[in-house]
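Structure assessment
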Amino acid sequence: MNRDALVGLVCLAASVVLYATLGHIEEPRAAAFPRTIIVIMGALSALLFLQHLIFPKPRPQQPPFPWLRVGGLFAIIVIYLVVCEELGFYLSAFLFFLAVTYIMGWRRLNPKQAAKWLMGSAIFTGILYVLFKVILEVQTPRGLLL
Amino acid sequence: MAGKRFSKPLAAAMLAAALLLTLGGLAAAQTYPDKPISMIVTYSPGGATDFQARIVTMLAGDKKYLDQPIVIINKPGAGGQVGWNWFATKGSKDGYTLATYNVPHFIAQSIMYPTKYNIHAFEAVANWGADPAVLIVPKDSPFNNVKDFVAFAKKNPGKITVSGAGMYVGHHIATLQLEKAAGIKLTYIPEKGGVPAMQSVVAGKVKAGFNNLSDAFRNQDRLKILAVADLERHEFLPKVPTFKEAGINVDNSSVNYRGVVLPKGAKPEIIKKLAEVFPKMFGDKKVLGKMKASGSPVKIMTRDQVIKMFAEREKYLQGLLPQLKKKK
Amino acid sequence: MLEFLQYFPNALTPINLLVLVLGTIGGLFLGATPGLSPTMAVALLVPFTFHMEPATGLVLLGAVYTSTVAGGAISAILINIPGAPANIATLLDGHPMAKQGQAQKALYFCFISSLVGGLFGMVIMVFFTPPLAEIALEFGPSEMFWVALFGITVMAGLTSGSVLKGLLGGMFGLLISVIGYSPMLGVPRFVFLDVLTGGVAIVPALIGLFAVPQVFSLMETAFQQRDEVSFKPQKGILWRTFAENLKKVKALSIGSVVGTIIGVIPGAGGQVAGLIAYDQVRKFSRDPHSFGTGNPEGVVAAESANNAMVGPSLIPLLTLSVPGSPTAAVLLGGLLIHGLFPGPDLFRSHAEVTYTFIASLVLAQVAMCGFGLLMSRYSHTVMKVPDLEMAAAVTVLAVYGTFSVQNSLDDVVVMFGLGTLMYLGRKVGFSAAPVVLGIILGTIAEDNFLKGKLIAETDVGLFKYFFTGHLNLIIIALCAASVGYSTYSEVRQYQKAKAQTRAKEAGS
């Protein structure tokens, strides 16, 4: 099946599921607006599905998707979000920057580049600290260190 | 001998250590706070609660008071529920996280919704302001007093629209009380805050409204103010009668009290310290000047008075609200 | 007007000028930092004004208000992340321009158009405040409902791809707006997770929808050889761009007028002025399909509109105390702290402070343009940051910016979740702009409909309430025209494409 037709089908399925969850809302007035939108969404998805089923458009060949890089970054961000409250904002930002550059850029990693990234991370975190903590006195997640 | 010689310094050391510990404990209580304190405001920046909170805490950094600044953090959402839920469950109990409260909002919510807080989840510190609800109508309205208003409502049940700042806030409570006391039926229109609610009245989009006395006072050339939902007339509006004077039994249960609380579980020394300092700080000439300039009515209450007020309001609202839920 | 001239010199005292310049530069930098919203910048500065003279404090807040909105365009153009909802329309064409090596030119267009639009809006404000305040007061629930509906008709035009997908994205945004406790009815809706109790606030949504997909895209291309586009500063393009910009009379005037009108509508969210103006300019263009691919007219329209909005949005704020955007709401707090209450009183007993504030806003427009142009010269340094470092830095700023809006890690989770979803959506042809528009307009549409229904039922009835009255009819007509025109151009486009393929087939 054509990809866009599939997208239409997925959206249609999502609309049906969302419509089903509306049953939990007691107050009828509170359900009216979301219900209308979900119905319109369902109709649009059906149209999208039909449009691409009947008039499929040829898609240009796309380069292979870099799963490893995008997935890797996703994982690092998730870890960052989990630990940032424990470690405090500035320390976790510093470590995150290092992790992204070192892990995702491991192919380019050499002593000179490593030092450069370390410096970059320190300078970036330093600027953040001065701007927000010292000048603007913003509250950030308090953690172990900063 | 050796033992004796040895034991003396040992005893002395132990004594010193014990002394140090006690002193240290005392010192910890005395040096609190030694870093900035956060205060959660459960409404968006720019609203009345937010800017009043900023004014009354502006002197916290002064040596006379806490010697440490208070930083305002806004956690708005769901009429304050998001902020208070967070504060009751996740607020740190070390005295470095405070929150503002709005009565009757939070008490009414704790009765009507599955919230994670009620009056027992918080330790009262002090109250800084009280803003009574007033009944307002547009300038060109045919109603000139409460009598006209009630008479019309009796003939036309449900035909009078009354705007207010949201669900189960003071304005809503006042509307409910008025309906009950006068035996009339009104249509309450909850808005997204006091300002839009005021706007609907000024523009004549609704027939009447309950709003904050301070806001009505500022807009008085564009409105008619029919009555105050309080026990006495207010100094800002000495000509406006109370509901009781107008013959309707509506008391001060809808008055919007604003103040500061700590989460349950905070240390008694800390509660004591803040409960002593805050009323003094709220009463500082500079604070009072700014409050007056911004048209915010001040009412300073101590911890004991606030605890009593919480309990009274809860009792009253528990009687008033469930009947309504059934009526729906 | 007379008062305006009389008090104008007050804005020129050394201290006020110094504050103005510092506020403008600081505002441009804060606005240009992805993840930091203008609302936050102004909110952070309110406590600073405690200890200043009221006039000086307001000069600071006004300068920051003006310049952060323009600063947001810098990150929109250079790294495809808008600083505020106001800048979304700017990136639709601004970022493609930057990718083609015309970043500096796009920024010049942006600041010059901002100045033109901004001054237009200020002139309207200075001359027409009393009559426009009357009009603003006319907007009740029914009118606001139609305004929101008009905004929804614009959604289809904000994607360069499929109209159906644009509308689907918009509906998704409308649905996001109802998450959490309904403010009108106090009922929770779609609270599948605890973090959703408070609903999805606009700033976390904006950051998530734009920054997160951008971070992942940067990662995709991180190690590819870049196309050698020259990012060197080009000399002498300032005056050429200036002349070129002023020739775009149509885009400039549509942008300025649309921005002004939307600014006056109380509470409509001046946030959407840029998007609506963009759509109008596109509709009136002879070549609507060049929009979204780097047409400077798109940048001109968006930026002239969102700065034209600044002055008029102060009309409902200063006369009725109804803020037109979240930033204006914070500004209102700043006014109240200094004992300045919106209303007629402001222009009588506090005339000096009020008019100094207005004068400084005019000056702030000029300062913003001047310093903005200066900063644009260094835009190439941003474009030179390698993708990997950029992805890391943007993530940190996005997390920080989201957190600090209401000090909530829940918001950060919502931001990242929504962003990941948007990344997947972008892969299959959805765009973020209609989703944001949906989030902003959803609450306006629903609340006003429910309010209108409540009022109508006590009064003239639903139909009469929503379909009578001049203002209602005018806005309904605009909605109909917008839908009609979109359908017409879609059909024409379809026929054109068909004719082309036929001609091709005949040729081959």
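The shown structure was predicted, so the numbers you read here are calculated from the model rather than taken from an experiment. Every chain's residues receive numbers from 1 upward, in the order its sequence appears when written. Chains carry letters and ligands carry numbers; both start at the beginning, A for chains and 1 for ligands, and go up in the order they are written. In keeping with the predicted nature of the model, local features appear solely for residues at pLDDT of at least 70, side-chain atom pairs appear and are counted solely at 80 or more, and the whole-chain, interface and lining totals rest on all residues.

With that settled, the discussion passes to the overall build of chain A. A run of H or I in DSSP counts as a helix once it spans at least four residues, and a run of E counts as a strand once it spans at least two, with each numbered from the N terminus. Each helix and strand counted, chain A has 5 helices and 0 strands in total. Seen in sequence order, chain A has helices and strands lined up from the N terminus as α-α-α-α-α. In this scheme every C-beta is placed from the backbone, and a residue whose C-beta has 20 or more other C-beta atoms within 10 Å is buried, one with 12 or fewer is exposed, and one in between is partly exposed. Buried positions account for 27% of the 146 residues belonging to chain A. The contact criterion used is a C-beta to C-beta distance within 7 Å, with each C-beta placed from the backbone. Considering only contacts within chain A whose residues lie at least 6 apart along the sequence, 75% involve residues at least 24 apart.

Let us now look at the overall build of chain B. In terms of regular secondary structure, chain B is built from 11 helices and 11 strands. Buried positions account for 50% of the 328 residues belonging to chain B. Taking contacts inside chain B between residues at least 6 apart in sequence as the whole, the part at least 24 apart equals 75%.

A few words on the environment of A208 of chain B. All names here are of chain B. Its place among the elements puts A208 in strand β8 (residues 208-212). A208 sits 67 residues away from S141 along the chain, and the two C-alpha atoms are 8.6 Å apart. Excluding residues that lie within four positions of it along the chain, A208 makes contacts with L135, I136, V137, F149, I160, V162 and V201.

With that settled, consider the sheet that holds strand β1 (residues 37-41) of chain B. Residues and elements named next belong to chain B. At least two bridges found by DSSP between two strands is the condition for calling them paired. On the basis of which strands lie adjacent, the open sheet formed by 6 strands has the order β2-β1-β3-β10-β4-β11 and mixed pairing. Edge positions in the sheet fall to β2 (70-74) and β11 (298-301), since each of these pairs with one other strand and no more. Mean inter-strand twist for the sheet, computed between neighbouring axes without regard to direction, equals 25 degrees. Looking at chain direction, strand β4 (residues 122-131) and strand β10 (residues 256-263) are connected through 8 bridges and run antiparallel. Counted as the bridge partner of D131 is N256 from β10. For helices, the fitted axis covers only the stretch in contact; all axes are lines through C-alpha atoms, and the angles between them, taken along N-to-C directions, range from 0 to 180 degrees.

Further remarks concern the domain arrangement of chain B. For an interface, size is often stated in terms of accessible area lost upon the parts coming together. Residues and elements named next belong to chain B. Either an automatic procedure or a domain database provided the assignment from which the domain bounds are taken. For chain B, the domain assignment lists domain 1 (34-131 + 256-327) and domain 2 (133-229). Computed from C-alpha atoms alone, the centre-to-centre distance between domain 1 and domain 2 is 27 Å. In this complex, domain 1 contributes 15 residues to the contact, which on the side of domain 2 involves 14 residues. Elements with a contribution of two residues or more to the side of domain 1 that touches domain 2: α4 (105-112) and α11 (303-327). Sorting elements by how many residues they give to the side of domain 1 that touches domain 2 places α4 first, with 4 residues.

As a further point, take α4 of chain B. For an α-helix, the turn length of 3.6 residues means that residues three or four places apart are oriented alike. Summarising burial for α4 of chain B: 6 of the 8 residues are buried, a large majority. Along α4 of chain B, the positions that sit buried rather than exposed are H105, F106, I107, A108, Q109 and S110 of chain B.

The next subject is the confidence of the model for chain A. In low-pLDDT segments, the atomic positions of the prediction should not be examined closely. A residue's pLDDT is simply how confident the predictor is in it, with values from 0 to 100. For chain A, mean pLDDT is 84; residues scoring 70 or higher make up 89% of the total. Confidence scores differ between elements of chain A, with helix α5 (residues 111-135) of chain A showing the lowest mean pLDDT of 88 and helix α4 (residues 89-104) of chain A the highest of 91.

Residue and element names in this part refer to chain B. Burial of β10 is extensive: 8 of the 8 residues sit out of reach of the surface. Bridge count between strand β3 (residues 97-103) and β10: 5 bridges; the pairing is antiparallel. From the neighbouring strand, T100 faces β10, where its bridge partner is V260.

Residue and element names in this part refer to chain B. Of all the 6 residues making up strand β5 (residues 133-138), 6 are buried; the element is thus mostly covered by neighbouring parts of the structure. Here β5 pairs with β8 via 4 bridges, running antiparallel. The residue of β8 that forms the bridge with V134 is N211. Relative to strand β9 (residues 223-228), β5 runs antiparallel, the two sharing 5 bridges. Within β9, the position partnered with I136 by the bridge is I225.

The subject of this paragraph is the interface of chain C and chain A. Opposite the 37 residues of chain C that make contact, chain A presents 41 residues. Contributions of two or more residues to the side of chain C that touches chain A are made by α7 (163-177), α8 (202-220), α18 (387-406), α19 (409-427) and α20 (432-458) of chain C. Counting residues per element, the side of chain C that touches chain A draws most heavily on α18 of chain C, which supplies 11 residues. The residue classification treats Ala, Val, Leu, Ile, Met, Phe, Trp, Tyr, Cys and Pro as nonpolar and Asp, Glu, Lys and Arg as charged. All others, Gly included, are polar. In the side of chain C that touches chain A, the residues fall into 28 nonpolar, 4 polar and 5 charged.

Contacts between the two partners involve 35 residues from chain C and, on the opposite side, 38 residues from chain B. Taken together, the elements giving at least two residues each to the side of chain C that touches chain B come down to β1 (180-181), α14 (326-337) and α20 of chain C. Residue composition of the side of chain C that touches chain B, by class: 18 nonpolar, 15 polar and 2 charged.

All names here are of chain C. For helix α3 (residues 38-45), the buried fraction is high: 8 of the 8 residues fall into the buried class. Those residues of α3 not exposed but buried are P38, T39, M40, A41, V42, A43, L44 and L45. Where α3 is buried, its residues meet α2 (14-32), α4 (54-79), α8, α14 and α18.

Before going further, it helps to spend a moment on the sheet that holds strand β7 (residues 187-190) of chain B. Residues and elements named next belong to chain B. Taken in spatial order, the 5 strands make up an open sheet running β7-β6-β8-β5-β9, and their pairing is mixed. For this open sheet the edge positions go to β7 and β9, each flanked by a neighbour on one side alone. Within this sheet the neighbouring strands show an average axis-to-axis angle of 30 degrees, counted without direction.

Next up on the list: the environment of P130 of chain C. Residue and element names in this part refer to chain C. Note on placement: P130 falls in helix α5 (residues 88-138). The class of P130 is exposed, set by 11 C-beta atoms lying within 10 Å. For the pair formed by P130 and Y278, sequence separation is 148 residues and the distance between their alpha carbons is 29 Å.

Residues and elements named next belong to chain A. Where helix α3 (residues 67-87) contacts α4, the two axes come as close as 9 Å, and the packing angle between them is 160 degrees. With respect to each other, α3 and α4 are oriented roughly antiparallel. Considering only the axes of α3 and α4, their crossing is right-handed. Facing α3, whose interface residues are R69, G72, L73, I76, Y80, V83, C84 and L87, α4 presents F89, L91, S92, F96, A99, V100, I103 and M104. Looking at the contact of α3 with α4, its residues break down into 13 nonpolar, 2 polar and 1 charged. If an angle is under 35 degrees, it is roughly parallel; if it is over 145, roughly antiparallel; if it lies from 65 to 115, roughly perpendicular; otherwise it is oblique. Handedness of a crossing follows from how the near helix is turned relative to the far one, being left-handed for an anticlockwise turn of less than a right angle and right-handed for a clockwise one.

This part is about the nonpolar core. The nonpolar side chains of soluble globular proteins are, as a tendency, buried together. Within the largest apolar cluster, 300 residues are counted, with the highest numbers of intra-cluster contacts made by V134 of chain B together with I77 and V436 of chain C. Here this core gets 22 residues from one element, more than from any other, and that element is α5 of chain C. Counting contributing residues per domain, this core is built from domain 1 (34-131 + 256-327) and domain 2 (133-229) of chain B, each supplying no fewer than three. With residues near it in sequence (within four places) discarded, I77 of chain C still touches T90, L91, G94, H95, A98, A103, A106, L107 and C110 of chain C. One nonpolar core equals one set of buried Ala, Val, Leu, Ile, Met, Phe, Trp, Tyr and Cys residues connected by C-beta atoms within 7 Å.

Residues and elements named next belong to chain A. Residue placement: I76 occurs in helix α3. For I76, a count of 18 C-beta atoms within 10 Å gives the class partly exposed. Considering only alpha carbons, one finds I76 and G126, 50 residues apart in sequence, at a separation of 21 Å.

Now for the packing of helix α10 (residues 249-264) of chain C against helix α12 (residues 296-308) of chain C. Residue and element names in this part refer to chain C. At a minimum axis separation of 7 Å, α10 and α12 run at an interaxial angle of 30 degrees. When the interaxial angle is binned, α10 and α12 end up roughly parallel. Considering the relative orientation of α10 and α12, their crossing is right-handed. Of the residues in α12, those touching α10 at A251, L252, I254, G255, S256, V258, G259, T260 and G263 are E297, V300, A301, S304, A305, N306 and A308. When the residues that make up the contact of α10 with α12 are grouped by side-chain class, the tally is 8 nonpolar, 7 polar and 1 charged.

All names here are of chain B. For chain B, per-residue confidence averages 85 on the pLDDT scale, and 89% of positions sit at 70 or higher. Note that pLDDT drops below 50 for residues 1-6; the model gives that stretch 0 contacts with residues more than four away or on any other chain. Scoring of the predicted complex yields 0.85 for pTM and 0.91 for ipTM.

Let us now look at unusual backbone geometry. All names here are of chain B. With an omega dihedral of 10 degrees, the bond running from V103 to P104 counts as a cis peptide bond. Of note, D67 is a non-glycine position whose phi angle comes to about 65 degrees, a positive value. Inspection of the secondary structure puts D67 in the loop between α2 (48-56) and β2. Of the residues examined, D67 has 13 C-beta atoms within 10 Å and is grouped as partly exposed. The backbone phi angle of Y168 is positive, close to 60 degrees, even though this residue is not glycine.

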